Amino acid sequence: MKVQVFRGLNILLLSLAGLTLSWAQDRSSVINSEKHAFRLATLVSGLENPWSLAFLPDGRMLVTERAGRMRLVGADFLVEPKVIEGLPEVAVRGQGGLFDVALHPQYAQNGWIYWAYNAPGAGGWGTALARGKLQGQRMTEVQVLFSMQPKTRSGQHFGGRIVFDKAGMLYLTLGDRGDKDRAQKLDDHAGSVIRLHDDGRVPADNPFAKRAGALPEKWTLGNRNMQGAALHPQTGELWTHEHGPQGGDEVNVMRPSLNYGWPVISYGVNYGLGTRIGEGQAKPGMVQPLHVWVPSIAPSGMAFVSGSQFPQWQGNVLVGALRGQMLVRLVLDGEKVIREERLLQGRAGRIRDVRMGPDGLVYMLSDSSNGALMRLEPERP
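Description of the structure in this document. (Residues numbered from 1 in each chain as written. Predicted model: local features only at pLDDT ≥ 70, side-chain atom pairs only at ≥ 80, totals over all residues. Heavy atoms only, no water.)

**Observations concerning the overall build of the protein**
Here is the rule we go by: Helix and strand definitions follow DSSP, with helices as H or I runs of at least four residues and strands as E runs of at least two, each counted in order from the N terminus. As a reference, a globule follows 2.2 Å times the number of residues to the power 0.38, and the radius of gyration itself is taken over C-alpha atoms. Throughout, exposure labels follow a simple rule: accessible area from a 1.4 Å probe, protein chains only, divided by the maximum for the residue type, with under 20% read as buried, over 50% as exposed, and the rest as partly exposed. In what follows, residue pairs with any heavy atoms lying within 4.5 Å of each other are defined as contacts. Throughout, the Shrake-Rupley method with a 1.4 Å probe supplies accessible areas, and for residues the shown protein chains are the sole cover considered. In this count, Lys and Arg are taken as positive residues and Asp and Glu as negative ones, while His and the chain termini are left out. Just so you know, the charge point we use is NZ for Lys, CZ for Arg, CG for Asp and CD for Glu.
Counting its secondary structure elements, the protein contains 1 helix and 26 strands. In terms of overall dimensions, the protein is globule-like: its C-alpha atoms have a radius of gyration of 20 Å, near the 21 Å expected for 381 residues. Each principal axis of the C-alpha distribution contributes one length, and for the protein these read about 65 × 45 × 40 Å. In the protein, which comprises 381 residues, the share counted as buried stands at 56%. Excluding contacts between residues fewer than 6 apart, the proportion of contacts in the protein whose partners are at least 24 apart in sequence is 55%. Carbon and sulfur atoms make up 48% of the accessible area of the protein, which amounts to about 15,500 Å² in all. Side-chain charges in the protein split into 42 positive and 35 negative, and the spacing between the mean points of these groups amounts to 2 Å.

**Quick word on the packing of aromatic side chains**
Definition in use: Each aromatic pair joins two rings of Phe, Tyr and Trp (for Trp, the six-membered one) with centres within 6.5 Å, and gets the label stacked for planes under 30 degrees apart, edge-to-face for over 60, and tilted for any other angle.
Within this structure, the stated rule accounts for 8 aromatic pairs. Consider the rings of Phe310 and Trp313, whose centres lie 4.8 Å apart with planes at 10 degrees: the pair is stacked. With relative accessibility at 0%, the residue Trp313 sits in the buried group. Ring pairs connect the aromatic residues Phe38, Phe310 and Trp313, which therefore count as one cluster.

**Observations concerning the pairing of strand β26 (residues 371-378)**
Heads up, the rule is: A strand pair is defined by DSSP finding two or more bridges across the two strands.
Counting buried residues along β26, 8 of its 8 residues qualify, which places the element largely inside the surrounding structure. Here β26 shows two buried faces, one formed by Gly371, Leu373, Arg375 and Glu377 and the other by Ala372, Met374, Leu376 and Pro378. Connecting strand β25 (residues 362-366) to the next strand, β26, in antiparallel fashion are 4 residues.

**Concerning the layout of surface pockets**
Heads up, the condition is: Using only the protein atoms, space was sampled on a 1 Å grid; points where a 1.4 Å probe fits but cannot get out form cavities, open sets with protein on both sides within 12 Å along at least five of seven lines form pockets, and lining residues are those with an atom within 4 Å of a point. Grid points are joined across faces, edges and corners, and a volume is the space filled by probe spheres set on the points. Gly counts as polar in this scheme, as do all residues outside two lists: the nonpolar Ala, Val, Leu, Ile, Met, Phe, Trp, Tyr, Cys and Pro, and the charged Asp, Glu, Lys and Arg.
Approximately 980 Å³ is the volume attributed to the largest pocket. Lining the largest pocket are 34 residues; nearest its centre among them are Val163, Phe164, Leu231, Arg355 and Met356. Listing elements by their share of the lining of the largest pocket, those giving two or more residues are β6 (50-55), β9 (98-103), α1 (107-110), β13 (162-164), β16 (226-231), β20 (299-304) and β24 (351-356). Here the residues of the lining of the largest pocket sort into 24 nonpolar, 8 polar and 2 charged. Around the second largest pocket sit 30 residues that line it, and His157, Arg224, His243, Gly244 and Tyr271 are the ones nearest its centre. Looking at the lining of the second largest pocket, its residues break down into 9 nonpolar, 12 polar and 9 charged.

**As for the sheet that holds β13**
The cut-off we apply is this: Note on geometry: axes are C-alpha line fits, over the in-contact stretch for helices, and angles between N-to-C directions span 0 to 180 degrees.
Strand order in the open sheet formed by 3 strands is β13-β14-β15, and the pairing between neighbours is antiparallel. The sheet is open, and its two borders are formed by β13 and β15 (192-196), each paired with just one other strand. Between one strand axis and the next, the sheet turns through 25 degrees on average, direction left out of account. Summarising the sheet, strand β14 (residues 170-174) and β15 pair through 5 bridges and their orientation is antiparallel.

**Topic: the sheet that holds strand β17 (residues 238-242)**
Taken together, the 4 strands give an open sheet; going across it, the order is β16-β17-β18-β19, and neighbouring strands pair in antiparallel fashion. The open sheet has two free edges, formed respectively by β16 and β19 (291-293), since each of these has just one partner strand. Strand-to-strand twist of the sheet, defined as the mean angle between neighbouring strand axes without regard to direction, takes the value 20 degrees. Relative to strand β18 (residues 249-254), β17 runs antiparallel, the two being bridged by 5 bridges. Bridge pairing in β18 links Trp239 to Val253.

Set out below in structure tokens:
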């Protein structure tokens with residue numbers, strides 16, 4: 001395939017197999033936030049509903065597209081026209097498809113890449129976890145480590161975020177699959193965080209591992225649909241956010257065996273009707289969220305700010321918003337959210353993923369049929 005490159009003073013466009021690289025930061029467009037002035041640069045456009053981003057040590061990036069494709073993006077932001085082959089079958093149904101991608105903490109030594117996806121099986125489909133090693137444009141040594149049970153034919157609420165903790169344990173978020181009562185069942189994977197060893201084995205100290213009738217992978221219960229997850233840089237604990245029903249999006253810290261309440265308690269209401277869900281907003285024995293959004297912003301993607309590029313944002317949480325089409329910055333005092341700033345409203349589309357790059361810059365993916373990889377770059381005085 002012949003590649004055409006057009007050069008301009010500030011714009012580089014590359015047409016490659018339907019993908020357009022657009023490295024064209026608008027030098028006249030400075031965005032002023034409360035703590036930092038920055039610019040929004042579009043690095044790659046033409047991605048189809050991109051879902052997740054991971055950085056390889058050599059400067060390349062892996063990007064997943066919900067339609068079941070994993071792509072390589074070069075350090076020069078050129079997209080390989082050939083998708084990565086060798087992935088297990090992905091069931092593209094409703095909100096389901098290819099989700100998160102993450103590198104093993106010791107990737108440089110072992111080469112393992114992990115991804116979450118909607119897997120077909122008896123009864124329908126559901127979120128699964130696999131790993132493999134990238135050889136050229138193909139995943140090799142592929143292993144399916146986990147596949148949620150039971151599977152159904154619903155097209156909703158898959159979760160799908162992957163996080164490793166400092167001990168190398170792996171956490172995968174699972175939605176309630178559009179059937180809210182499943183989130184309170186110990187014999188059902190739906191509506192929970194699961195915790196595994198990096199090879200898929202169940203840790204002996206998982207909270208329900210020895211409880212009769214419970215699925216041993218479960219770490220929490222009572223979660224609706226967590227599409228953001230990140231490890232707190234100081235405490236090492238897993239933080240997540242989840243979608244609420246017509247309001248009531250939540251930020252939580254995930255701790256073993258805790259019940260986060262869905263659908264018994266919620267700050268959201270029934271769609272269309274506006275009526276109360278369950279028993280209200282609180283109940284003894286069920287966790288209260290650290291932060292709630294009413295009305296809903298439809299959060300997706302989550303990152304703690306680190307590195308030296310945005311020093312005034314250090315330790316803040318960045319959350320993408322689909323419905324709100326913005327980036328939300330949360331300022332913390334311990335586990336208390338003391339300030340919220342809304343950025344990029346209507347300027348970056350439906351933000352699906354947020355990542356801190358190895359260069360200390362903020363990277364984002366916009367979710368659309370013409371989705372983009374974008375980057376926030378601080379404005380230098």
